[in-house]
Structure formats: structure tokens, C-alpha cells
Amino acid sequence: MARELTTNIVAAKNALSSTTPFVYLLKIQLNAAQVIYLTSNNATITYGGFDWMPFPFAVGDMTEEGGGTPGALPISASNVEKILSRFIETNRGFSGGTLTLYYYSDGEALSLGEMNIQTAAYDHESATLTAGNQNLFDQPFPRRTFSRDSCQHQYKGSLCGYSGGILTCDKTLLGGNGCKAHNNVTKNGSFPGIVRPT
């Protein structure tokens, strides 16, 4: 897919020399509430309203093996101070996380796309994230299931509609931390009319 380049990016790309080199910006979305903003630059960059912290990482080449295997992009980073390994351990190996890679120069950035984090591994020297597209064979099927007891809406999402101060929900209709406790029974996404098997 072709990417639209701004005139500033094109001018920077075509310049014979520059005092502001192209660097990578890396946004790692661990979950709905936690995002890490890193840059391969040696100083903090402010872009898009966020401070991108300098961190030594390198972006490898995208591999495509064919045969139904999705492409993979390796990103390796320093783990000498055990910063990334702590994030990997406390966030289930970045399972379900995404990353977005940008090419940045002089206030302009080109998004190289959002990818799913497929694997995250580390040792005492480095951490490696492998990102790529979704593998369709790993997707749950059917995509939605009907449950008598469990709400299928994302908590505080548009279908849930709850915007109060309670931080968690056990996704039940009548449970101690469910929709009734949140005063949100009309938006419950379970199907209590399903008869229990006997």
C-alpha cells in the first residue's frame, strides 16, 4: 500500500545534507491504559503531544516466508538495565499488544503501520520483539459466542456505556462487581434467556 508523504518529508528525504537525521519512533501499546513511547534518537523528542524517550533499539528487516506464515519484523533493544524485561514479565509477554513504528525527521513523522506483537523474548543483554500482521489461523472462531452468564462487551467501551468511577467489572449480570453493581443492567451483553443445559 502506498503511503502519502508530506512535502516536508519528501524535502528532507531528497536533501543532499541535513543536520536533523531520520530516526525511528516506536509506540508500544501494552494494554488500553499503558503505552511506551521510545525513540532511537539520543535525546528526547516531542511529537504528537508525547515525549518519546531515547532508548537504544534497532529495527531489522521484514521477513516473509510464504506458505501461510505471516511476515515478521524483528526489533531488538538493549536490556542491560532490565527495563524491557520487567515490562515483558509484568505484561504477559506483551500478549495482545501492538506497536507502531514511525520514521521521524524535523517535526514530521511517517507511520510505517501498526503491527501486532507476536513474540517478546529477552536475555541479560537484549530484548527482541517480533511484530507482524495477525495470523488468521490464530483467530478465535466463531468470533462471537453467546453466553448466559458473561457479558461480551469491552468494559467502559461504546457498547458497555459505563463511565462511572468503578475501575473493574467481572462481566456478570448480577455478580458483586457486575452490571447490577454498576447500575448498568440495560447495557449488559450477556444472554440470560439461554436455558441452562440439564
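All figures in this text were calculated on a predicted structure; none of them were measured in a lab.

**Things to note about the pattern of salt bridges**
Right, on to step 1. This structure, assessed with the given rule, holds one salt bridge.
Right, on to step 2. A salt bridge links Asp149 to Arg148; its shortest N-O distance comes to 3.9 Å.
Right, on to step 3. On the accessibility criterion, Arg148 (29% relative accessible area) is partly exposed.

**A word on the side chain of Ser85**
Right, on to step 1. In this fold, Ser85 is placed in helix 2 (residues 83-90).
Right, on to step 2. In this structure Ser85 touches Asn79 and Tyr122, once residues within four positions along its chain are discounted.

**Overview of unusual backbone geometry**
Right, on to step 1. Even without glycine at this site, Lys82 takes up a positive phi of about 65°.
Right, on to step 2. Examined against the element boundaries, Lys82 turns out to sit in the loop between strand 6 (73-78) and helix 2.
Right, on to step 3. Note on Lys82: relative accessible area 33%, which makes it partly exposed.

**Regarding the confidence of the model for the protein chain**
Low pLDDT marks stretches whose predicted atomic positions should not be read closely.
Right, on to step 1. Summing up the model confidence of the protein chain, the mean pLDDT is 83 and the portion of residues at 70 or higher is 89%.
Right, on to step 2. Mean pLDDT in the protein chain bottoms out at helix 1 (residues 7-14), which sits at 71, and peaks at strand 4 (residues 50-54), which reaches 94.

**Description of the sheet that holds strand 4**
Right, on to step 1. In space, the nine strands of this open sheet follow the order 3-4-2-1-7-8-9-6-5, with mixed pairing throughout. Edge strands, defined here as strands with exactly one partner in the open sheet, are strand 3 (45-47) and strand 5 (57-59). Across the sheet, the mean angle separating the axes of adjacent strands is 35° when strand polarity is ignored.
Right, on to step 2. Two strands pair when backbone bridges link them, and strand 8 (residues 108-122) and strand 9 (residues 126-132) are joined in this way by six bridges, in the antiparallel orientation. Counted as the bridge partner of Tyr122 is Ala127 from strand 9.
Right, on to step 3. Sheet strands touched by helix 2: strand 2 (35-39), strand 6, strand 8 and strand 9. Its angle to strand 8, the strand with the most contacts, is close to 70°.

**A closer look at the pairing of strand 1 (residues 23-29)**
Right, on to step 1. Strand direction decides the pairing type here: strand 1 and strand 7 (residues 98-105), joined by seven bridges, are antiparallel. Paired with Leu26 across the two strands is Leu101, which belongs to strand 7.
Right, on to step 2. Two strands pair when backbone bridges link them, and strand 1 and strand 2 are joined in this way by five bridges, in the antiparallel orientation. Looking at the pairing, Ile28 lines up with Ile36 of strand 2.
Right, on to step 3. Counting the residues that bridge the hairpin from strand 1 to strand 2 gives five residues.

**Description of the nonpolar core**
Right, on to step 1. Core analysis: the largest hydrophobic core is formed by 20 residues, its most contacted members being Leu26, Ile28, Leu38, Phe57, Ile75, Phe94 and Leu99.
Right, on to step 2. Residue assignment for this core shows that the elements contributing at least two residues are strand 1, strand 2, strand 6, helix 2, strand 7, strand 8 and strand 9.
Right, on to step 3. Contact partners of Phe94, with chain neighbours within four places excluded, come to Leu30, Phe87, Ile88, Ile117, Ala120 and Leu129.
Right, on to step 4. Formed by eight residues, the second largest nonpolar core is a distinct cluster that contains Val23, Tyr37, Ile45 and Tyr102.

**Comments concerning the environment of Ser163**
Right, on to step 1. Note on placement: Ser163 falls in the segment after strand 9.
Right, on to step 2. A C-alpha to C-alpha distance of 9.9 Å links Ser163 and Asn184, two positions 21 residues apart in sequence.

**A short note on the state of the cysteines**
Right, on to step 1. Applying the stated rule across the entire model yields zero disulfides.
Right, on to step 2. As a non-bridged cysteine, Cys151 has Cys179 as the owner of its nearest cysteine sulfur, 4.8 Å distant.
Right, on to step 3. Note on Cys169: no disulfide assigned, nearest cysteine sulfur contributed by Cys179 at a separation of 5.1 Å.

Calculation rules
Residues numbered from 1 in each chain as written. Predicted model: local features only at pLDDT ≥ 70, side-chain atom pairs only at ≥ 80, totals over all residues. Heavy atoms only, no water. Salt bridge = Lys/Arg side-chain N within 4 Å of Asp/Glu carboxyl O. Buried < 20%, exposed > 50% of the residue type's maximum accessible area, 1.4 Å probe, protein only. Helix = DSSP H or I, 4+ residues; strand = E, 2+ residues; numbered from the N terminus. Contact = heavy atoms within 4.5 Å. pLDDT = per-residue confidence, 0-100. Pairing = 2+ DSSP bridges. Axes fitted to C-alpha atoms, helices over the stretch in contact; angles between N-to-C directions. Core = buried A, V, L, I, M, F, W, Y, C linked by side-chain atoms within 4.5 Å. Disulfide = S-S within 2.5 Å.

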